[in-house]
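Structure assessment
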Amino acid sequence: MLDLVIDARQAALSPGFEVRRILPYRLRRMLGPFIFMDHAGPVNFAPEKLPELDVLPHPHIGLSTVSYLFGGQVTHRDSLGVEQIIRPGEVNWMTAGSGIAHSERFEDPAALAGGALEMIQTWVALPEKDEETDPAFTNYQPQELPIFTESGVWMRLIAGDAFGLRNEVRTHSPLFYLHVVLQPGARFGLPRGYPERGAYVAKGLVEVNGRSYGPGQLLVFTPSIDPVLIAREASTLMLLGGEPLGERFIWWNFVSSKRERIEQAKADWQAGRILLPPNDNQEFVPLPQDKTRPAGTGSPPPQALS
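Residues numbered from 1 in each chain as written. Predicted model: local features only at pLDDT ≥ 70, side-chain atom pairs only at ≥ 80, totals over all residues. Heavy atoms only, no water.

Under the annotation held in an unreviewed UniProt entry, the protein chain carries the name Pirin family protein and is attributed to Hymenobacter sublimis. Per UniProt, the protein chain has the following entry under Sequence similarities (unreviewed entry): "Belongs to the pirin family." (UniProt positions renumbered as here; feature names shortened; annotations may be inferred.)

Structural data, given as structure tokens:
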């Protein structure tokens, strides 16, 4: 029933901001089109420490970044001139395509009150035909994301198609992405019709086939199996998966189906050909001085940002 259980590892999003990294993993590079997943927070920082959390302008190619908050708020700025505050229940969907730079700033001290800041960020790899698409950004409000409730279950569709729910979040390949909250004793399944499916336990404890799994674990399920997840306490899950896209190479913040495209992205960032956000262009993250080749199915890549 379970192909793999991935335990989150600690990683640095910025010098003062550690997160739990779930994907990529050395035994599982991707889950459907999802190639990266981080869980940040809950974070409790003094107001004067806010700048330590900031993720400075940095580049991406060949993917979409998806930011979703449980609490707090983050200010996004990018090369297109977009400036957008994201709050809980909203979705920031940025398609990098041929190349974009963005920053994430934590500028409101109230957003960290009581350890309120908590977010999930994923990267969705683009199909080969869309890897060089024009960069784009959209913020989706909570009312645009359908919610389903029944006894002991609350569920929001973040993107894709699942359980008969759909929304207008623009994706490039078949996938599903859901935020699910279960009350103790609630039973829940996975969307059907997708060859790769997983459930990340953000909070609580769930049982699958007689075994229990807790926070920081991604459960990767066998295709064509319909598991039942039972909440042993109040639990928050992120369900994700979809159609696989084939091998992707990843180095730092770059994703591509071609090794040479990543080398070009390195050169483009060093030469300033990927523009900085016009309203956040006084500092940036330099290209890492790591000479390793892009990682495919072998060793893990250098630490990625967001």
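Additional details are given in the paragraphs that follow.
Attention now moves to the overall build of the protein chain. Per the secondary structure count, the protein chain includes two helices and 25 strands. With 306 residues in all, the protein chain has 58% of them scored as buried. Contacts in the protein chain between residues at least 24 apart in sequence constitute 71% of all its contacts with a sequence separation of at least 6. Split by element, the accessible area of the protein chain, about 12400 Å² in all, is 49% carbon and sulfur. (Helix = DSSP H or I, 4+ residues; strand = E, 2+ residues; numbered from the N terminus. Buried < 20%, exposed > 50% of the residue type's maximum accessible area, 1.4 Å probe, protein only. Contact = heavy atoms within 4.5 Å. Areas by Shrake-Rupley, 256 points an atom, 1.4 Å probe, with all protein chains shown as cover.)

In this section: the pattern of salt bridges. For the structure shown, the criterion picks out 18 salt bridges. For D280, the salt bridge is made with R105, and the minimal N-O distance between the two is 2.8 Å. A residue pair is termed long-range when its members are at least 10 positions apart, and D280 in the segment after α2 (259-271) and R105 in strand β10 (residues 100-105) qualify at 175 residues. Here E207 makes a salt bridge to R232, at a shortest N to O gap of 2.7 Å. Residue E207 is found in strand β19 (residues 206-208), and its partner R232 is found in the loop between β22 (229-231) and β23 (235-242); the two are separated by 25 residues along the sequence. For R232, a relative accessible area of 43% translates into the label partly exposed. (Salt bridge = Lys/Arg side-chain N within 4 Å of Asp/Glu carboxyl O.)

Here the bond from L23 into P24 is cis, since omega is 0°, no more than 30 degrees from zero. As for its position among the elements, P24 is in the loop between β3 (17-23) and β4 (34-43). Here the bond from G41 into P42 is cis, since omega is 0°, no more than 30 degrees from zero. For P42, the location among the structural elements is in strand β4.

What follows is about the side chain of N139. By the element assignment, N139 lies in strand β12 (residues 136-140). Its relative accessible area of 16% is what places N139 among the buried residues. A polar atom in the side chain of N139 sits 2.8 Å from the side chain of N92. Within polar-contact distance, the side chain of N139 engages the side chain of Q141 at 2.7 Å. Setting aside residues no more than four positions away along its own chain, N139 makes contact with Q84, I85, E90, V91, N92 and E144. (Polar contact = N/O pair within 3.5 Å; in protein donor to acceptor, adjacent residues only side chain to side chain.)

Here we come to the packing of aromatic side chains. Scanning the entire structure with this criterion turns up eight aromatic pairs. Ring geometry for F176 and Y194: centres 5.0 Å apart, planes at 50°, overall tilted. Of this pair, F176 sits in strand β16 (residues 175-182) while Y194 sits in the loop between β17 (187-188) and β18 (196-203), and the two are 18 residues apart along the sequence. Y194 sits in the buried class, given a relative accessible area of 13%. Each residue in the set W251, W252 and F254 is aromatic and connected to the rest through ring pairs, giving one cluster. Above the ring of W251, the side-chain terminus of K266 is found at 4.1 Å from the ring centroid. (Phe/Tyr/Trp six-rings, centres within 6.5 Å; stacked < 30°, edge-to-face > 60°. Lys NZ or Arg CZ within 6 Å of the ring centre and 35° of its normal.)

Below, the discussion takes up α2. Count 3.6 residues to each turn of an α-helix, and residues three or four apart come out pointing the same way. Compared with the 18 Å implied by 1.5 Å per residue over 13 residues, the 19 Å span of α2 between its first and last C-alpha is a close match. Among the residues making up α2, those that are buried are R261, I262, A265, K266, D268 and W269. The buried residues of α2 occupy an angular sector of 165° when the element is viewed end-on, so they sit on one face. Residues of α2 that are exposed and angled more than 90 degrees away from the buried face: E260 and Q270. Trailing α2 by a residue or two, G272 shows a phi angle of about 80°, which is positive. (Expected span 1.5 Å × (residues − 1). Arc of directions from axis to C-beta.)

Scanning all chains against the criterion turns up three cavities of 30 Å³ or more. By volume, the largest cavity is sized at about 70 Å³. Surrounding the largest cavity, T65, S67, L69, V74, H76, I86, N92, M94, H102, E104, M119 and F137 form its lining. For the lining of the largest cavity, the secondary-structure elements that each account for two or more residues are β6 (63-71), β7 (74-78), β9 (91-95) and β10. (1 Å grid on protein atoms, 1.4 Å probe; cavity = no way out; pocket = protein on both sides within 12 Å on 5 of 7 lines; lining within 4 Å. Points joined across faces, edges and corners; volume = space filled by probe spheres on them.)

The next point concerns the sheet that holds β17. Taken together, the four strands give an open sheet; going across it, the order is β17-β22-β19-β20, and neighbouring strands pair in antiparallel fashion. Of all strands in the sheet, those with a lone pairing partner are β17 and β20 (211-213), marking the two edges. Where β19 lies against β20, three bridges are found, and the strand directions are antiparallel. The residue of β20 that forms the bridge with V208 is R211. (Pairing = 2+ DSSP bridges.)

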